[in-house]
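Fold and geometry: a report
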Amino acid sequence: MDNDAKPAVSAERAAFYDKIDKKNLTPLWSVLGDLVTPEPRSKCQAYLWKYADARAALLEAGDLITAKEAERRVLIYENPGLRGQSRITTSLYAGLQLVLPGEVAPAHRHTQSALRFVMEGSGAHTTVDGEKTTMNVGDFVITPQMAWHDHGNGSDQPMMWLDGLDIPLIQFLDASFAESHPDDEQEVSRPSGDSLARYGANMLPVDYAPGKPSSPIFNYPYERTRESLEVMRRADAIDPCHGLKMKYVNPNDGGYAMPTIATFMQLLPNGLKTARYRSTDATIFTAVEGRGRTTIDDQVFEWEPQDVFVVPSWKWVSHEVDEDATLFSFSDRAVQEKLGLWREDRGTNQ
Ligand code: GTQ
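Residues numbered from 1 in each chain as written. Predicted model: local features only at pLDDT ≥ 70, side-chain atom pairs only at ≥ 80, totals over all residues. Heavy atoms only, no water.

Strand order in the open sheet formed by six strands is β1-β19-β16-β21-β14-β13, and the pairing between neighbours is antiparallel. Looking at which strands have only one partner, the edges of the open sheet turn out to be β1 (47-49) and β13 (244-247). Across the sheet, the mean angle separating the axes of adjacent strands is 20 degrees when strand polarity is ignored. For β1 and strand β19 (residues 308-311), the ladder comprises three bridges, and the chain directions are antiparallel. (Pairing = 2+ DSSP bridges. Helix = DSSP H or I, 4+ residues; strand = E, 2+ residues; numbered from the N terminus. Axes fitted to C-alpha atoms, helices over the stretch in contact; angles between N-to-C directions.)

What follows is the structure in structure tokens.
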């Protein structure tokens, strides 16, 4: 398996391959080395998108098409190694969505799970399964699979957020179903904040029986996440690879908040230079606060708030900051762990 050399192609073999090709048959020994690789070999490339560029392009799109006509006015972050495939990593999709004041992105639902990470604006909302959630910068909002969702902006500012969806994964599995709601906006049937109060206070309703694989909490507000990290830093040793890193969890079972996408927030205290680290989950990062630089193998990417960058599977990564910084990230680790595939390498920092 470590040997990349393929068996030589003699004239006799070539003729044989041609002959069986017509029957839609292919010799494994010609492709085995590309299929079963000694370690991950991805077409996904390390890359960074400046927020200023994506934002300017998206605002321009705001003059070209309404949220209603587009259904979702989004510019897709396409990995340069995976152009034309609407993916930021092999398994995940990411985009930047704009909802202008007064607009509605009409209600629909689909088998793909979505996360929203708010980049800019405050006071717009997404309604998920009858609950209207107000969105503020840094909030992590979930739209579970097959949950009706519509977005609206009653504020006087453009609202932009990062969308993360498992579109390529669902495509790979050929399991996509989607439908439009008869109304642009679904009926609101529960008070705002209901799910966070009910499921997000380290308590659960006494007879609650979880019925779905996704967290019953729709919005994990940045304010709370940030406060946890700030209190933790007083007592916790800083992890050499991660700084202070938390995962967002489903209160039902302590697992990841979404069944397919793992989400994280980490604090990198001023002056920290993390030890190199790699893992099998290609990861999408965006900074909320602070500035820094991330080295991926031998490429250095300078980032500031709202920039988006991607670390491919099994590439060495380290972060360096000159001021306190917070990084939100997401990956398919939730899937890989369920399948027993996820691996990490902490260098010498066990
Ligand atoms: O907001 O429902 O970026 O369905 C891609 C597909 C956003 C959404 C995307 C979607 C949505």
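Let's pick the thread back up.
Spatially, the six strands line up as an open sheet ordered β2-β3-β10-β5-β8-β12, and their pairing is antiparallel. With one partner strand each, in any of the chains shown, β2 (74-76) and β12 (219-220) form the two edges of the open sheet. As paired strands, strand β8 (residues 140-143) and β12 are joined by two bridges and run antiparallel to one another. Looking across to β12, one finds that V141 is bridged to N219. Against the sheet, helix α3 (residues 51-64) contacts β2, β3 (93-99), β5 (114-120) and β10 (159-165), and its axis sits at roughly 50 degrees relative to β3. (Contact = heavy atoms within 4.5 Å.)

Moving on: the environment of R224. The topology assignment puts R224 in helix α7 (residues 222-232). R224 sits 93 residues away from E131 along the chain, and the two C-alpha atoms are 20 Å apart. Each residue touching R224, except ones within four places of it in the same chain, is listed here: L196 and G200.

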